[in-house]
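Each chain is listed here by its residues.
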Amino acid sequence: MFTLKKTLVLGAVFAVGLTAAQAADDPIATRKALMKTVGVSIKASVPMIRGKVPYDAVKAELAMRAINAVATGIGNFYPDGSQTGGKTSASPKIWSDRAGYTALRKEMADASAAAMVAAKAGEGPFKAAFGKVGATCKKCHKAYRVKK
Amino acid sequence: MGLIAAYILSAPVTLAQADMPKYTPDAKNGKYIFTAGGCASCHAAPKSKDKTRLPGGLALETPFGTFYVPNISPDKTNGIGGWTNVQFVNAMKYGVSPDGSHYYPSFPYTSYRLMKNTDVLDIKAYIDTLPAVKSTVPDHDLALPFRIRRALGLWKFLFMDYAEFKPDPKLSKTLNRGAYLVNGPGHCAECHTLRNILGGRQDSLAMAGGPAPDGDGKIPNITPHKNGIGDWSADDILVFLEDGSLPDGDYVGGTMVDVQENMAQLNGADRQAIAEYLKSLAPIP
């Protein structure tokens, strides 16, 4: 379903800031789809990190680029009124503590950007930089996601 | 007559000083088991990253009311400083305080009762090396019927087995170690098993998850059923415990993050044991 290539296109499209009208269409479904694309990137990266598959700098860089695109653009998809419904896992804290959520989103944008650079530098640097990406995923999921 | 029976049945069951093993505690193992047991996840100050300071204070919202986690630093006035070995074991494994009253099972002695006395004594030796913290904690704020501590004796009579973990000779050393870690200090079943209306675990549904006790969200099924982690390999579980990443590319979240980060501090053999044990569980939908 979500290949790495499709993921990039999707991520790039959404990162280019959609209009409020488009975001209003179905922000919950959109943001869930965006998160799924992040999952595709993680799934592509973890086997390389663990030495299960040979390291591929191009693949690694693309995976991080996709995460960076989502981290940059996904903030547009939590408008007022989308707190509930559509099987959303978004915690109410995203609205009650928007500043904290935005700060973590920026942390992820920064971490993934750094990982994009590290990917080109080689397996070792990528491994280190990816660690920060994963840790940031956990930080946000800990505070701002309620698994349903 | 009924009241007398209830009074007798609800009496605290405890160990006596004579039951304590002849043993020199090992604080290093104590720190390790303390990590496996996730003690700091409840007993450290809320929102604090410092696992050596254990002033309590965290509020646990449950259907019975709000429990406030106590101070277990070695402070002599507000903590557990000065407790004897047998008092500590009775608290951890029997849910009874030094003054003879029952603890609420929000403190998961229903799992810790499986632990070896030597592991429990090691934890105490480790806690005794930590700083004494002076803070006090509010009383629990519970709905009226649940304020009678003595009644917990009846709850224990209904729901608690006092037996310590017995390795199964038919299983490998690794599986037994996994069973001990998961069911004893790890106390995984306390969150991952559905409870009845009285708050007792439904052990026939062990580890199959259910709605989160604090209202929102869901606790996952971690049995090898397709509704659980049936299509995870033991290696997938290992990766999750080390890293927090899931086979579908997701990352752990919510209250499980603290647990995973504790698991990441155990040694590889113990994580392997946990993974193998989870794969061996009965699949439950």
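This one's a predicted model, so the numbers in the text were calculated from it and none came from an experiment.

Another aspect to go through is the overall build of chain B. For chain B, the count of helices and strands is 12 helices and 5 strands. Against the 2.2 N^0.38 benchmark of 19 Å for 285 residues, chain B shows a C-alpha radius of gyration of 19 Å, consistent with a compact globule. When the backbone C-alpha atoms are referred to their principal axes, chain B occupies close to 50 × 45 × 40 Å. Within the span of chain B, comprising 285 residues, buried residues form 38% of the whole. Considering only residue pairs separated by 6 or more positions, chain B has 63% of its internal contacts joining residues 24 or more positions apart.

Moving on to the overall build of chain A. From N to C terminus, chain A includes 7 helices and 0 strands. Secondary structure elements of chain A occur, N-terminal to C-terminal, as α-α-α-α-α-α-α. For chain A, contacts bridging at least 24 residues in sequence account for 78% of all contacts bridging at least 6.

Consecutive residues of a regular strand have side chains that alternate between opposite faces of the sheet. All names here are of chain B. Here strand 1 (residues 59–62) pairs with strand 2 (residues 65–68) via 4 bridges, running antiparallel. Bridge assignment links Leu60 to a residue of strand 2, and that residue is Phe67. The turn joining strand 1 and strand 2, which pair antiparallel and follow one another in sequence, is formed by 2 residues. Two strands pair when backbone bridges link them, and strand 2 and strand 3 (residues 141–142) are joined in this way by 2 bridges, in the antiparallel orientation. Within strand 3, the residue paired with Gly65 across the bridge is Leu142.

This next bit is on helix 6 (residues 98–121) of chain A. Residues and elements named next belong to chain A. Along its 24 residues, helix 6 runs 35 Å from first to last C-alpha, staying within 8% of the 34 Å computed at 1.5 Å per residue. All of the buried residues along helix 6 are Tyr101, Leu104, Arg105, Met108, Ala109, Ala111, Ser112, Ala115, Met116, Ala118 and Ala119. Here the buried face of helix 6 lies against helix 4 (57–73), helix 5 (93–96) and helix 7 (123–144). The positive-phi residue at the C-terminal boundary of helix 6 is Gly122, with phi of around 135 degrees.

Sheet architecture is open: 3 strands sit in the order 1-2-3 (chain B), paired in antiparallel fashion. Each of the sheet's edge strands pairs with one partner strand only, and the pair in question is strand 1 and strand 3 of chain B.

Before going further, it helps to spend a moment on the domain arrangement of chain B. Residue and element names in this part refer to chain B. Once the domains are mapped, chain B shows domain 1 (2–159) and domain 2 (173–279). Distance from the C-alpha centre of domain 1 to the C-alpha centre of domain 2: 23 Å. Among the elements of the structure, helix 2 (27–37), strand 1, helix 5 (109–112) and helix 7 (152–159) are those that each provide at least two residues to the side of domain 1 that touches domain 2. Per-element accounting of the side of domain 1 that touches domain 2 gives the leading share, 4 residues, to helix 2.

On to the confidence of the model for chain B, then. For chain B, per-residue confidence averages 94 on the pLDDT scale, and residues scoring 70 or more make up 100% of the total. In the model output, the complex is listed with pTM 0.92 alongside ipTM 0.90.

Turning our eyes to something else, we now look at helix 8 (residues 173–183) of chain B. Here helix 8 of chain B has its buried residues at Gly178, Ala179, Tyr180, Leu181, Val182 and Asn183 of chain B. Here the buried face of helix 8 of chain B lies against helix 2, helix 5, helix 9 (189–192) and helix 12 (268–279) of chain B.

What follows deals with the environment of Glu242 of chain B. Secondary-structure assignment places Glu242 of chain B in helix 10 (residues 234–243). C-alpha of Glu242 of chain B to C-alpha of Ala163 of chain B: the two residues are 79 residues apart in sequence and 31 Å apart in space.

Residues and elements named next belong to chain B. Running from amino to carboxyl end, helix 10 crosses helix 12 at an angle of 130 degrees, the nearest separation of the two axes being 9 Å. The orientation of helix 10 relative to helix 12 falls into the category oblique. For helix 10 against helix 12, the interelement crossing comes out right-handed. Touching Ala234, Ile237, Leu238, Leu241 and Glu242 of helix 10 are Arg271, Gln272, Ile274, Ala275, Glu276, Leu278 and Lys279, all from helix 12.

This brings us to the nonpolar core. The biggest cluster of nonpolar side chains holds 92 residues, and the ones touching the most others in it are Ile67, Val70 and Ala115 of chain A together with Met92 and Ile274 of chain B. Split by domain, the residues of this core number at least three in each of domain 1 (2–159) and domain 2 (173–279) of chain B. Among residues more than four places away in sequence, those in contact with Ile274 of chain B are Gly178, Leu181, Val182 and Leu241 of chain B.

Okay, the environment of Ala69 of chain A next. Looking at where Ala69 of chain A falls in the secondary structure, it is placed in helix 4. Distance in space between the C-alpha atoms of Ala69 of chain A and Ala113 of chain A is 9.4 Å, their sequence separation being 44 residues.

Residue and element names in this part refer to chain B. In the contact formed by helix 4 (residues 85–94) and helix 6 (residues 117–127), the axes pass within 10 Å of each other and the chain directions differ by 110 degrees. With respect to each other, helix 4 and helix 6 are oriented roughly perpendicular. The crossing of helix 4 and helix 6 is right-handed. Listed contacts from helix 6 to Asn85, Phe88, Val89, Met92 and Lys93 of helix 4 are Asn117, Val120, Leu121 and Lys124. Looking at side-chain class alone, the contact of helix 4 with helix 6 contains 5 nonpolar, 2 polar and 2 charged residues.

The next thing to look at is the confidence of the model for chain A. Residue and element names in this part refer to chain A. A residue-level look at chain A finds 85% of positions with pLDDT of 70 or above and a mean pLDDT of 89. Mean pLDDT in chain A bottoms out at helix 2 (residues 20–25), which sits at 56, and peaks at helix 6, which reaches 98. Residue range residues 16–21 is modelled with pLDDT below 50. Its contacts to residues more than four positions away, or to other chains, number 4 contacts.

It is worth spelling out unusual backbone geometry at this point. All names here are of chain B. We note that Lys47 has phi near 70 degrees; this positive angle belongs to a residue other than glycine. With respect to the helices, strands and loops of the structure, Lys47 is situated in the loop between helix 3 (39–43) and strand 1. Owing to 7 C-beta atoms within 10 Å, Lys47 belongs among the exposed residues under this scheme. Of note in the backbone geometry, His187 takes a positive phi value of approximately 40 degrees without being a glycine. Position of His187 relative to the elements: it lies in the loop between helix 8 and helix 9.

Parameters at a glance
Residues numbered from 1 in each chain as written. Chains lettered and ligands numbered in written order. Predicted model: local features only at pLDDT ≥ 70, side-chain atom pairs only at ≥ 80, totals over all residues. Helix = DSSP H or I, 4+ residues; strand = E, 2+ residues; numbered from the N terminus. Rg over C-alpha atoms; globule rule 2.2 N^0.38 Å. Buried ≥ 20, exposed ≤ 12 C-beta atoms within 10 Å, placed from the backbone. Contact = placed C-beta atoms within 7 Å. Pairing = 2+ DSSP bridges. Expected span 1.5 Å × (residues − 1). Domains from an automatic or database assignment. pLDDT = per-residue confidence, 0-100. Axes fitted to C-alpha atoms, helices over the stretch in contact; angles between N-to-C directions. Parallel < 35°, antiparallel > 145°, perpendicular 65-115°, else oblique. Left-handed = near helix turned anticlockwise from the far one by under 90°. Core = buried A, V, L, I, M, F, W, Y, C linked by C-beta atoms within 7 Å. Nonpolar A, V, L, I, M, F, W, Y, C, P; charged D, E, K, R; others polar.

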